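Remarks on the overall topology
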Amino acid sequence: TQLLEQSPQFLSIQEGENLTVYCNSSSVFSSLQWYRQEPGEGPVLLVTVVTGGEVKKLKRLTFQFGDARKDSSLHITAAQPGDTGLYLCAGPRSGGSYIPTFGRGTSLIVHP
Amino acid sequence: NAGVTQTPKFRILKIGQSMTLQCTQDMNHNYMYWYRQDPGMGLKLIYYSVGAGITDKGEVPNGYNVSRSTTEDFPLRLELAAPSQTSVYFCASSRTGGSGNTIYFGEGSWLTVV
């Protein structure tokens, strides 16, 4: 089983701060996805990265896929309380079909 | 805008009881999944299906069963419930496999076994 390690596990910051969360693996992934899960709801896809070195921006969120396709990062600029949630990275399990495996997630709280 | 619908939302079971978590999707997706989520543990895959009539085990299938008689429905059966099955269960679907496919999740079912 390909493992996705996410860090930090918990993050508590003030509104306006910047932060970066990480998703690392010893295996190469053909793609990685980032999801955000708000309390009491299911995860929702934020972005998919497929090319080594790729950078994607979604408003104040910047996602990067490592050159070797073993890691990814999510950077949030000027965090807002609405960014509070669990951030999960996911990648395809080994074996062909895209059956996603998830990391444990980073739980982010942004205080007003 | 139904997407993936799960029922029930909340359920309390006694040890040894059985129940079925229902899941239906209206997006004509071929792939469907059941995950469980425990605090600090992310999402663990229980079972998945790549099409009607086809199911396969995920990482944590013991104590569960599934069926996929139609494209829309993917019920999860818990037999002889145990406290270790206390968790939040998510059903999900995607159009196909392959990189870049969006996984759509239901809102979750909170199950407590006492």
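On a predicted model such as this, the values are computed, not experimentally measured, just so you know. (Residues numbered from 1 in each chain as written. Chains lettered and ligands numbered in written order. Predicted model: local features only at pLDDT ≥ 70, side-chain atom pairs only at ≥ 80, totals over all residues. Heavy atoms only, no water.)

Points about the interface of chain A and chain B
Under the convention used in this document: Two residues form a contact once any of their heavy atoms are found within 4.5 Å. By buried area we mean how much accessible surface two parts lose on assembly, using a 1.4 Å probe and totalling the loss over both. For this document, the term salt bridge refers to a Lys or Arg side-chain nitrogen within 4 Å of an Asp or Glu carboxyl oxygen. Here a polar contact is taken to be a pair of N or O atoms separated by no more than 3.5 Å, where protein atoms must pair a possible hydrogen donor with a possible acceptor and residues adjacent in sequence count only if both atoms sit in side chains. We count a stretch as a helix when DSSP gives it H or I for four or more residues in a row; a strand needs E for two or more, and each element gets its number in order from the N terminus. For this scheme, ten residues count as nonpolar: Ala, Val, Leu, Ile, Met, Phe, Trp, Tyr, Cys and Pro. Four count as charged, namely Asp, Glu, Lys and Arg, and the remainder, Gly too, count as polar.
The interface is formed by 23 residues belonging to chain A together with 26 residues belonging to chain B. Across the chain A to chain B interface the summed buried area is about 1800 Å²; carbon plus sulfur atoms make up 58%. Among the residues chain A hides against chain B, the three largest losses belong to A:Tyr98, A:Ile99 and A:Arg104. Together they make up 27% of the total. Where chain A packs against chain B, one counts zero salt bridges. Taken together, the links from chain A to chain B amount to four residue pairs in polar contact (both at pLDDT 80 or more). Among the secondary structure elements, those contributing two or more residues to the side of chain A that touches chain B are β4 (32-37), β5 (44-49), β9 (85-92) and β10 (100-102) of chain A. For the side of chain A that touches chain B, the residue count by class is nine nonpolar, 11 polar and three charged.

Quick word on the sheet that holds strand β8 (residues 76-78) of chain B
Residue and element names in this part refer to chain B. Basically, it comes down to this: Pairing between strands requires that DSSP locate at least two bridges from one strand to the other. As a rule, the C-alpha atoms of each element are fitted with a line to give its axis, helices using only the stretch in contact, and angles between N-to-C directions run from 0 to 180 degrees.
Across the sheet, which stays open at both edges, the four strands sit in the order β1-β3-β8-β7 with antiparallel pairing between neighbours. With partners counted over all chains shown, the strands left at the sheet margins are β1 (4-7) and β7 (64-66), one partner each. Here the average twist between neighbouring strands, direction ignored, is 20°. Pairing analysis gives four bridges linking β1 to strand β3 (residues 19-25), with the strands arranged antiparallel. Across the sheet, Thr5 pairs through a bridge with Thr24, a residue of β3.

Some words on the state of the cysteines
Among covalent bonds in proteins, the disulfide is the one between the sulfur atoms of two cysteines. Residue and element names in this part refer to chain B. We count it as follows: When the sulfur atoms of two cysteines come within 2.5 Å, that pair is taken as a disulfide. The classification of residues rests on relative accessible area computed with a 1.4 Å probe and restricted to protein chains. Under 20% of the type maximum is buried, over 50% is exposed, and intermediate values are partly exposed.
Applying the stated criterion across every chain, the model contains two disulfides over all chains. Note on cysteine connectivity: Cys23 is disulfide-linked to Cys91, with sulfurs 1.9 Å apart. Residues Cys23 and Cys91 are joined by a disulfide whose S-S torsion is about -75°; by sign, that bridge is left-handed. On the criterion of sequence distance, the pair formed by Cys23 in strand β3 and Cys91 in strand β9 (residues 87-94) is long-range, its members being 68 residues apart. By relative accessible area, Cys91 is classed as buried at 0%.

Regarding the pattern of salt bridges
Residues and elements named next belong to chain B. Within this structure, the stated rule accounts for five salt bridges over all chains. Between Lys9 and Glu107 there is a salt bridge whose closest N-O contact spans 3.5 Å. With Lys9 in the loop between β1 and β2 (10-13) and Glu107 in the loop between β10 (104-105) and β11 (109-113), this residue pair connects regions lying 98 residues apart in the sequence. For Lys9, a relative accessible area of 30% corresponds to the partly exposed category.

A look at the packing of aromatic side chains
What counts, and what does not: In this analysis, rings of Phe, Tyr and Trp, with Trp reduced to its six-membered ring, are considered paired at centre separations within 6.5 Å, and the interplanar angle assigns stacked below 30 degrees, edge-to-face beyond 60, and tilted for intermediate values. A ring is considered to have a charge above it if a Lys NZ or an Arg CZ atom is located within 6 Å of its centre and within 35 degrees of its normal.
Evaluated as defined, the whole model comprises 11 aromatic pairs over all chains. With 6.0 Å between their ring centres and 70° between their planes, A:Phe102 and B:Phe105 make a pair best called edge-to-face. A residue pair is termed interchain when its members come from two chains, as with A:Phe102 in strand β10 and B:Phe105 in strand β10. Like B:Phe105, A:Phe102 is buried. With a centroid separation of 5.7 Å and an interplanar angle of 40°, the aromatic rings of B:Phe10 and B:Trp110 are classed as tilted. Within this pair, whereas B:Phe10 is found in strand β2, its partner B:Trp110 is found in strand β11, the two being separated by 100 residues in sequence. One aromatic cluster is present, formed by A:Tyr35, A:Phe102, B:Tyr31, B:Tyr33, B:Tyr35, B:Phe90 and B:Phe105 through successive ring pairs. Here B:Arg68 stacks its cationic end above the ring of B:Phe74, 6.0 Å away from the centre of that ring.

Overview of the environment of B:Met41
Residues and elements named next belong to chain B. Among the secondary structure elements, Met41 is positioned in the loop between β4 (31-37) and β5 (43-51). Among the residues examined, Met41 registers a relative accessible area of 31% and is labelled partly exposed. C-alpha of Met41 to C-alpha of Trp110: the two residues are 69 residues apart in sequence and 16 Å apart in space.

With respect to the pairing of β4(A)
Residue and element names in this part refer to chain A. Most of β4 is tucked away, with six of its six residues classed as buried. Burial of β4 is two-sided: the residues Leu32, Trp34 and Arg36 facing one way and the residues Gln33, Tyr35 and Gln37 facing the other way are all buried. Taken together, the five bridges between β4 and β5 define a ladder with antiparallel strand orientation. The residue of β5 that forms the bridge with Trp34 is Val47. Taking the residues that link successive antiparallel strands as the turn, the β4-β5 hairpin has six residues, and the phi of Gly40 there is positive, at about 80°. Here β4 runs beside β9; their pairing, made up of five bridges, is antiparallel.

Coordinates in, geometry out; function isn't part of it.
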